[in-house]
Amino acid sequence: KKNPRPFKGRGYSYSMITSKIGEVFVKISSFEGALKEVLKILYSYWDIRHSFISFFDSETQTLKIISAFGLTKEQIKRAIFKKGEGMVGKAFKNGVPVLLPELGEKGYLNKLGLKNVVESGTSFLAVPLKTADQVLGVLGVFKKFKEGESKEKTLELLETIATFISITYLIHKQHSQERAFWEEEKKFLTQTLYESFGHEGIIGKSQAIQNLIRLVKKVAQTEANILITGESGTGKSFIAKAIHFLSPRKNKPFVAINCAAIPETLLEAELFGYEKGAFTGAFASKKGKFELADGGTIFLDEVGDLPLVLQPKLLKVIQEKEIEKLGREEPIKVDVRIIAATNRPLEDLIKKGHFREDLYYRLNVITLHLPPLRERPEDIPLLAEYFLYKFNRRYGKEVSFSQEVIKLFKKYPWPGNVRELENLIERLVILSEGLILPSDLPSYFLKDPDFYEKETFLISFKEVTEKEEIIKALEKTGYVKSRAAKLLGLTLRQLDYRIKKYKIPITHF
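Counting of residues starts from 1 at the beginning of each chain's written sequence and follows it residue by residue. Local features in this predicted model are restricted to residues of pLDDT 70 or higher, and side-chain atom pairs are both shown and tallied only at a pLDDT of 80 or more, whereas totals for entire chains, interfaces and linings draw on every residue. Just so you know, side-chain values use all the structure's heavy atoms and leave hydrogens and water out.

Spatial strand order, S3-S2-S1-S6-S5-S4: six strands in an open sheet with antiparallel pairing. Two strands lie at the open edges of the sheet, namely strand S3 (80-82) and strand S4 (98-100), each paired on one side alone. Strand after strand, the sheet turns through a mean of 20° between neighbouring axes, direction not considered. Judged from the seven bridges that link them, strand S1 (residues 50-57) and strand S2 (residues 62-69) form a sheet pairing that is antiparallel. Bridge pairing in S2 links isoleucine 53 to serine 67. By this definition, two strands are paired if DSSP reports at least two bridges between them. By definition, any uninterrupted DSSP run of H or I lasting at least four residues is a helix, any uninterrupted run of E lasting at least two residues is a strand, and each is numbered from the N terminus. Every axis corresponds to a line fitted to the C-alpha atoms, with the helix fit spanning only the stretch in contact, and the corresponding angles, defined between N-to-C directions, vary from 0 to 180 degrees.

As structure tokens, this is what we get:
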């Protein structure tokens, strides 16, 4: 390749060159790209037609060129130096600059084959790239000195440039190590999530759960939209994650949103995002959940609570694979798989005019139903032991169940399903030491099994459980209602209603 022409008629000063090189390292994020620009600047401002930057390779124990100007690939490939070998190896080994006035002098190895190519009287300068405690490599330049041009000043300038390169190299290396660490961490977390939400993580030996596992494994490999049905607390979000982490999209985002937890006025902005100035208070642009989930999966929990006014927009996303951002005229293409979940029969909502039938069929390509825990009592001991192990590890305990407790667990109808079981076991582990006995359970566990059949019990239990969850969330958030509402997946208005309903006293600190 022919060298580019130098800038004609432009004078230079040492400060000008260092300033230009400093700008390169600030503006160019790629380390390799910055090195190429540095060598171009040396040519353009200083007429250095051949130059290179080599770094020490600890594996081969040699110096290898990683960036060059005015050299062919074959020349670069040949120019490998051991410690102390030639001028380059000596500059590296001793950590001091080397200046060879003539290439014909003894000690010049001519590995680049430039001895008979460069202009007569060309000098070679090798300047070590070093930090306070180590030598990293060598900056090598071939320069024809003009009459009166100071060699000492030239070496000073090259040493300054070498310092720029060394510092940038260390920063680049640190960033690369951090990037590698986080990539490894991401890989580890992805694998952990895969193992947690893979089919092995769906706990149960009942026929219903075994059938569900087979279906999850099968539908995960497809691009079909999925509707997950089941009572509250059965683990619909868990199944959604399992599908995502078993699918080809597992390395892309999994984004979840609860359609019942966000006020109708904010839900459109949350789903589709908005541009700066789209409405009062929109001081900056924001990506919506669909844009964040691009390439991955979006989980629409409680989709039955999606306002009717937003349902056509969701239908358009499904049909045309694009979203309309608030305040933006052009649509944005998105590649998203939709998994929706509901604990309400959508068919009834369609009859009442609260849910669009065409949207229902778009979401309901495949249906997965999660049976309530009371319909699969054989799974209760397995789930109980799993949660016991989980919370024993979390709280550093060695708590265990008595057989009587397990029997009571199997008789109890679990109106709150798996979530209720998990919450109860966490409470038992925190409060218990050693063996958990029937006397450690809430009083309603000791009732006659027939008592559980009464509808009034299920209603009152749900209210007691909900009240306890609200109190727990308020205590955890220091009685800041907005934070407690977010923790519970409720709006502030919904939380206020329940606080009044259950007459929960608000403590102010």
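Next comes the rest of the description.
Turning our eyes to something else, we now look at helix H14 (residues 403-411). Between buried and exposed lies partly exposed: a residue is buried under 20% and exposed over 50% of the maximum accessible area for its type, with that area taken using a 1.4 Å probe on protein chains only. Every buried residue belonging to H14 is among Val405, Ile406, Leu408 and Phe409, and all of these are buried. Buried residues in H14, looked at end-on, bunch into an arc of 160°, giving them a common side. Turned more than 90 degrees away from the buried face of H14, the exposed residues are Gln403, Lys407 and Lys411. Contacts: residue pairs with any heavy atoms within 4.5 Å of one another. Buried-residue contacts for H14 involve helix H13 (380-395), strand S16 (400-401), helix H15 (417-431) and strand S17 (435-436). By definition, the arc is the one covered by directions from the helix axis to the C-beta atoms.

For this document, the term salt bridge refers to a Lys or Arg side-chain nitrogen within 4 Å of an Asp or Glu carboxyl oxygen. Tallied over the entire structure, the rule returns 22 salt bridges. Close ionic contact of aspartate 358 with arginine 356 constitutes a salt bridge, the shortest N to O distance being 2.7 Å. For aspartate 358, a relative accessible area of 34% puts it in the partly exposed group. Linked by salt bridges that have partners in common, Glu223, Arg249 and Asp335 make up one network.

Right, let's get into H13. Here the expected span of a helix is defined as 1.5 Å times the quantity of residues minus one. Taking 1.5 Å per residue, 16 residues should reach 22 Å; H13 reaches 22 Å between its end C-alpha atoms and fits that length. Restricting attention to buried positions, one finds in H13 the residues Ile380, Leu383, Ala384, Phe387, Leu388, Phe391 and Asn392. On an axial view of H13, the arc spanned by its buried residues comes to 165°, and they lie on one face. Across H13 from its buried face, at more than 90 degrees, point the exposed residues Tyr389 and Arg393. Those residues of H13 hidden inside the fold are in contact with S16, H14 and H15.

Let us now look at unusual backbone geometry. Even without a glycine there, the phi angle at aspartate 47 is positive, about 60°. Tracing the chain through its elements places aspartate 47 in the loop between helix H2 (31-46) and S1. Looking at aspartate 47, the relative accessible area reads 37%, which means it is partly exposed. Positive phi is not limited to glycine here, since glutamine 61 has a value of about 55°. Tracing the sequence through the fold places glutamine 61 in the loop between S1 and S2.

Take the nonpolar core next. Among buried residues, the Ala, Val, Leu, Ile, Met, Phe, Trp, Tyr and Cys ones that are joined through side-chain atoms within 4.5 Å form a nonpolar core. Core analysis: the biggest nonpolar cluster contains 32 residues, and Ile17, Leu42, Phe55 and Ile161 have the highest contact counts within it. Broken down by secondary-structure element, the contributors of at least two residues to this core are helix H1 (14-27), H2, S1, strand S5 (123-130), strand S6 (135-143) and helix H5 (151-197). Top contributing element to this core by residue count: H2, with 10 residues. If we skip the residues at most four places from it in the chain, phenylalanine 55 touches Phe31, Leu35, Thr62, Leu63, Lys64, Ile66, Leu129, Leu136, Gly137, Ile165 and Tyr169.

Here five strands make up an open sheet; going across it, the order is S8-S11-S14-S7-S15 and the pairing parallel. Of all the strands in the sheet, the pair left with one neighbour each is strand S8 (254-258) and strand S15 (366-369). Across the sheet, the mean angle from the axis of one strand to that of its neighbour is 20°, orientation sign disregarded. In this sheet, S15 lies alongside strand S7 (residues 226-229) in parallel orientation, the contact comprising four bridges. The residue of S15 that forms the bridge with threonine 229 is histidine 369. Where helix H6 (residues 207-220) meets the sheet, it contacts S7, strand S14 (337-342) and S15, and its direction lies at approximately 150° from that of S15.

A word on the packing of H13 against H15. Viewed as axis vectors pointing N to C, H13 and H15 meet at an angle of 45°, and their least axial separation amounts to 9 Å. The orientation of H13 with respect to H15, classified from their angle, is oblique. The element H13 and its partner H15 pack so that their crossing is right-handed. Contacts between H13 and H15 involve Ile380, Leu383, Ala384, Phe387, Leu388, Lys390, Phe391, Asn392, Arg394 and Tyr395 from the first element and Val418, Leu421, Glu422, Ile425, Glu426, Val429 and Ile430 from the second. In the scheme used here, Gly and all other residues not listed as nonpolar or charged are polar, with Ala, Val, Leu, Ile, Met, Phe, Trp, Tyr, Cys and Pro taken as nonpolar and Asp, Glu, Lys and Arg as charged. For the contact of H13 with H15, a count of residues per class yields 12 nonpolar, one polar and four charged. Roughly parallel here means an angle under 35 degrees, roughly antiparallel means over 145, roughly perpendicular means 65 to 115, and every remaining angle is called oblique. By definition, turning the near helix anticlockwise from the far helix through less than a right angle yields a left-handed crossing, and turning it clockwise yields a right-handed one.

This paragraph deals with the packing of aromatic side chains. Between rings of Phe, Tyr and Trp, where Trp is taken as its six-membered ring, a pair exists when centres lie within 6.5 Å; planes separated by under 30 degrees are stacked, by over 60 edge-to-face, and by other angles tilted. Going through the model one piece at a time under the given rule, you end up with 15 aromatic pairs. When the centroid spacing of 4.9 Å and the interplanar angle of 20° are considered together, the rings of phenylalanine 56 and phenylalanine 92 count as stacked. Here phenylalanine 92 lies in helix H4 (residues 86-94) and phenylalanine 56 lies in strand S1, a separation of 36 residues in the sequence. Here phenylalanine 92 falls in the buried class, since its relative accessible area comes to 7%.

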